[in-house]
Amino acid sequence: DSGVTQTPKHLITATGQRVTLRCSPRSGDLSVYWYQQSLDQGLQFLIQYYNGEERAKGNILERFSAQQFPDLHSELNLSSLELGDSALYFCASSVTSSTGVGLDTQYFGPGTRLTVL
Amino acid sequence: GQSLEQPSEVTAVEGAIVQINCTYQTSGFYGLSWYQQHDGGAPTFLSYNALDGLEETGRFSSFLSRSDSYGYLLLQELQMKDSASYFCAANGGATNKLIFGTGTLLAVQP
């Protein structure tokens, strides 16, 4: 158990719908990352937050958005869902936001499996 | 662009030693991490190399050569529970984002 929690564990929805995935980082971690894992694209970085502020963006679609709240939990919002959005969505957390300054190891949550029908 | 290539599958027997290679082309490279993922589970951190050379953590060791843009994960005394996918990942430096490799599925046979 990494200490990172994600809800829900599974989500089944229809095309065109909107869903929200939730992540609570490990106690003391200020940085949150979202990753998408699909069969054809592998594990891809989506977005990073640090202490409430967006820090980096990866291959995140415009239909997707995220935020980190004052209590440091984060939510990933996926809208106008398409069949291709079906994937495992992981949240990870670390203490720091930069590599090489220590305490930068990322710990992953159990993921949310999204199925779009 | 950024890419990290790994062999797609490796098979080995219990008790043996296996090496999983990773070659990379990334900008702003700070170091190489290795993660283990059992089917459908969360990636779990194994090792990190910031400098050239070998890092040893129990049965697992990881190596990095920046001049060759190459690294590997070495697993010794293989156990059945080591059957999983293994990913190398480049650390993104100022943002600490991870760029993952293509992943290697390790099958340990009795």
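Look above for the structure.
Residues numbered from 1 in each chain as written. Chains lettered and ligands numbered in written order. Predicted model: local features only at pLDDT ≥ 70, side-chain atom pairs only at ≥ 80, totals over all residues. Heavy atoms only, no water.

1. Comments concerning the sheet that holds strand E6 (residues 53–57) of chain B
Residue and element names in this part refer to chain B. Quick reminder of the rule: DSSP-based pairing: two strands are paired if at least 2 bridges between them are found. Here a helix means four or more residues in a row that DSSP labels H or I, a strand means two or more in a row labelled E, and each is numbered from the N terminus. Axis lines are fitted to C-alpha atoms, over the contacting stretch for helices. Their N-to-C directions set the angle, which ranges from 0 to 180 degrees.
Read from one edge of the open sheet, five strands run E1-E3-E8-E7-E6, paired in antiparallel fashion. The open sheet is flanked by strand E1 (3–5) and E6, the only strands paired with a single partner. Across the sheet, the axes of successive neighbouring strands diverge by a mean angle of 20 degrees, strand direction being ignored. In terms of strand pairing, strand E7 (residues 60–65) meets strand E8 (residues 70–75) through six bridges, oriented antiparallel. Across the sheet, Phe60 pairs through a bridge with Leu75, a residue of E8.

2. Side note on the layout of surface pockets
In plain terms, the rule: A 1.4 Å probe that fits into a set of points on a 1 Å grid over the protein atoms alone but cannot get out defines a cavity; an open set with protein on both sides within 12 Å along at least five of seven lines defines a pocket, and lining residues are those with an atom within 4 Å of a point. Grid points are joined across faces, edges and corners, and a volume is the space filled by probe spheres set on the points. Gly counts as polar in this scheme, as do all residues outside two lists: the nonpolar Ala, Val, Leu, Ile, Met, Phe, Trp, Tyr, Cys and Pro, and the charged Asp, Glu, Lys and Arg.
Here the largest pocket is characterised by a volume of approximately 660 Å³. Along its surface, the largest pocket is lined by 25 residues, and Gln37, Ser38 and Leu39 of chain A together with Gln37 and Phe87 of chain B are the ones closest to its centre. Looking at the lining of the largest pocket, the elements with two or more residues in it are strand E4 (31–38), strand E5 (42–50), strand E9 (87–94) and strand E11 (112–116) of chain A together with strand E9 (84–91) and strand E11 (104–109) of chain B. In the lining of the largest pocket, the residues fall into eight nonpolar, 15 polar and two charged. Put simply, the second largest pocket is a space of about 250 Å³. Every residue lining the second largest pocket is counted, 14 residues in all, and those nearest its centre are Leu43, Gln44, Phe45 and Asn59 of chain A together with Ile99 of chain B. Elements with a minimum of two residues in the lining of the second largest pocket: E5 of chain A together with strand E10 (98–100) of chain B. Here the lining of the second largest pocket takes four residues from E5 of chain A, the largest share from any one element. A breakdown of the residues in the lining of the second largest pocket according to their chemical character gives five nonpolar, seven polar and two charged.

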